[in-house]
Amino acid sequence: MHSLPSQAMRPLSLNPCISFSRFPFFSFSIPIFHEFKTNPTIYKKSQKGSFLTLRCCSSGSVTAKPSSELRRNCAVEEPDEKVVALRHIFPKPGIGIDAYIIPSQDAHQFYFNISQNVTIKDYQAYLAGTAVVTKDKAALWTDGRYFLQAEKQLSSSWILMRAGNLGVPETSEWLNDILAPGGRVGIDPFLFSYDAAEELKEAISNKKNLELVYLYNLNLVDEIWKESRPKPPNKPIRVHDLKYAGVDVVSKLSSLRAELVGTCSSAIVISMLDEVAWLLSLRGSDVPHSPVMYAYLIVEVDAAKLFVDNSKVTPEVMDHLKNAGVELKPYDSILSEIRRLAAEGAHLWLDTSSVNAAIVETYKSACDKYLMNHGSRGKIKNKGYDESNGLSIGPSRVYMRSPISTAKALKNPTELGGMQNSHLRDAAALAQFWCWLEEEIHKNVKLTEVQVQMVLLYTTNLKQKVVVLWIQINCSYWIVELNTLMEQLT
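Scoring rules and cut-offs
Residues numbered from 1 in each chain as written. Predicted model: local features only at pLDDT ≥ 70, side-chain atom pairs only at ≥ 80, totals over all residues. Heavy atoms only, no water. Helix = DSSP H or I, 4+ residues; strand = E, 2+ residues; numbered from the N terminus. Pairing = 2+ DSSP bridges. Axes fitted to C-alpha atoms, helices over the stretch in contact; angles between N-to-C directions. Contact = heavy atoms within 4.5 Å. Buried < 20%, exposed > 50% of the residue type's maximum accessible area, 1.4 Å probe, protein only. pLDDT = per-residue confidence, 0-100.

Participant: Would you mind going over unusual backbone geometry with me for this structure?
Facilitator: Where the residue is not glycine, phi is negative for most of them; where a peptide bond is considered, it is trans in most cases. Even without a glycine there, the phi angle at cysteine 264 is positive, about 55°. Topologically, cysteine 264 is positioned in the loop between helix 9 (249–262) and strand 8 (267–270).

Participant: Explanation requested: the sheet that holds strand 2 (residues 130–134) in the structure shown.
Facilitator: Overall, mixed pairing links the six strands, which are arranged 4-3-2-1-5-6 in an open sheet. Strand pairing shows two members of the sheet lacking a second neighbour, strand 4 (159–162) and strand 6 (211–214), which therefore form its edges. Taking the axes of each pair of neighbouring strands and ignoring which way they run, one obtains an average angle of 25° across the sheet. Alignment of strand 1 (residues 99–102) against strand 2, held across four bridges, turns out to be antiparallel. Each residue of the ladder has a partner; that of tyrosine 100, found in strand 2, is valine 133. On the sheet, helix 5 (residues 171–178) packs against strand 1, strand 2, strand 3 (138–142), strand 4 and strand 5 (184–187) and is oriented at approximately 10° with respect to strand 2. Strand contacts of helix 6 (residues 194–208): strand 1, strand 5 and strand 6, with the helix running at about 145° to strand 6, the strand carrying the most contacts.

Participant: Sorry if this is basic, but what is going on with the sheet that holds strand 14 (residues 396–399) here?
Facilitator: The strands making up a sheet are joined through hydrogen bonds of the backbone, oriented either antiparallel or parallel. Taken in spatial order, the six strands of this open sheet run 12-11-10-8-13-14, and their pairing is mixed. Each having just a single partner strand, strand 12 (326–329) and strand 14 make up the two edges of the open sheet. When the angles between neighbouring strand axes are averaged without regard to direction, this sheet yields 20°. Alignment of strand 13 (residues 347–350) against strand 14, held across four bridges, turns out to be parallel. Its bridge partner being in strand 14, leucine 348 is matched across the sheet by arginine 397. Packed onto the sheet, helix 9 meets strand 8, strand 10 (295–300), strand 11 (304–308), strand 12 and strand 13 and runs at close to 65° relative to strand 10. Of the strands in this sheet, strand 8, strand 10, strand 13 and strand 14 touch helix 13 (residues 357–374), which is tilted by about 150° from strand 14.

Participant: So what exactly am I meant to see when it comes to the environment of alanine 295 here?
Facilitator: Relative to the elements of secondary structure, alanine 295 occurs in strand 10. Taking relative accessible area as the criterion, alanine 295 reaches 0% and is therefore assigned buried. Spatially, the C-alpha atoms of alanine 295 and lysine 329 are 9.8 Å apart, while their sequence positions differ by 34 residues. In contact with alanine 295, not counting residues within four places along its chain, are His108, Ser271, Leu273, Val276, Leu306, Phe307, Val308 and Tyr331.

Participant: Explain the confidence of the model for the chain to me, please; I cannot follow it from the model alone.
Facilitator: Close inspection of predicted coordinates is inappropriate in any region flagged by low pLDDT. Taken residue by residue, the chain gives an average pLDDT of 77. The fraction at 70 or more is 70%. Confidence drops under a pLDDT of 50 for residues 34–64, and excluding neighbours within four residues, the segment shows 32 contacts in the predicted structure. In the predicted structure, residues 113–126 sits below a pLDDT of 50 and forms 72 contacts with residues beyond four places in sequence or in another chain.

As structure tokens, then:
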């Protein structure tokens, strides 16, 4: 089973002594499920975007050299130790691959550079993107935000693919070009949505009949990282109070179950972190600047199970979930629960654009196993899954977009009031910031963009009872945050 994502990387600071405060937690939308129709999603393959040509109006021309030319000054191309260690795993029994893909997203398709992304950042010199390692090549696809950083930090063993630039191949195109026919491409199925994995499988199989290999029980980067890998986040989960949510959890679950019945589904898998936090009125600290926690949620017509690290569940959260009829399960037991649902003949609602390939493929395999063992006249163990509810006997998959993303966009009056109040607080903080900036300009103080940005970030946090001291040292502004000073003085 795939392990829980590891500790997030904190934002970079200008000075080791500078402490960055937390951004104000935004209020998730918690509307009740109003009447709306959820139609099966039509997934389209991503298309290459158009290119914008810029013309320099100055006398000279501007050219961008490829990474290969910029590295020609390197005396010797030294092999990357991590790349070498990764390649040593390729031929091992049960693996047998010719290439391995390392994406940016985690098991919940979260693209913020945190948690499981620490894997790729450590492997890619702290860059967001996609890495592909073969037996003799290693390439990194990243966008324009990281071109300069990549040039400085990637070793000469890596090929930098400037995603979006003219002539730069996609990962599937590059693999089709360099791998021999019949080659095997390995991925961690937890790190790809089912749709993304299927698109990749089709793209690499058409030209050279390359095979996409799901490595369920082994993440190769974890294997070479070993004990040095940061520990997963373990800060406690907290309850999002009803006075901010506007709708209680029981009502939201009841509305969701009505959606299940309306689509002839008996259960739904929720893997998006914001959707789990929204539905259960919970908040976490596993992701910087985002009040979410790593968890899966399965809602059935008569039950609900939250898959989360129990060490983060406080007694208050435990009571909150118990009152809503939500059962706690270990985070790593999600696949065993998926198999149980198939064995009981569940009609499982899966949003394949967000649910990872490991979950979907596990359910598909469990459904096939059920049909082999029971045939078309199998008995259903769970009384909630029978023909009296309009459901056919035997497990099936309902591929539809999650109704939660649409429902939480419908703000209730409490949330609307919260949004208005947050904008007022932010407007006051910005007015204070502009006043400070104007005064500094009139004083002929020279400020850099970084210094101004730091002051802006801390000014907006003043409404969070954060005490900030602006200290001028050698004509430079440094920020010192004292989170508990006010409480100590009062």
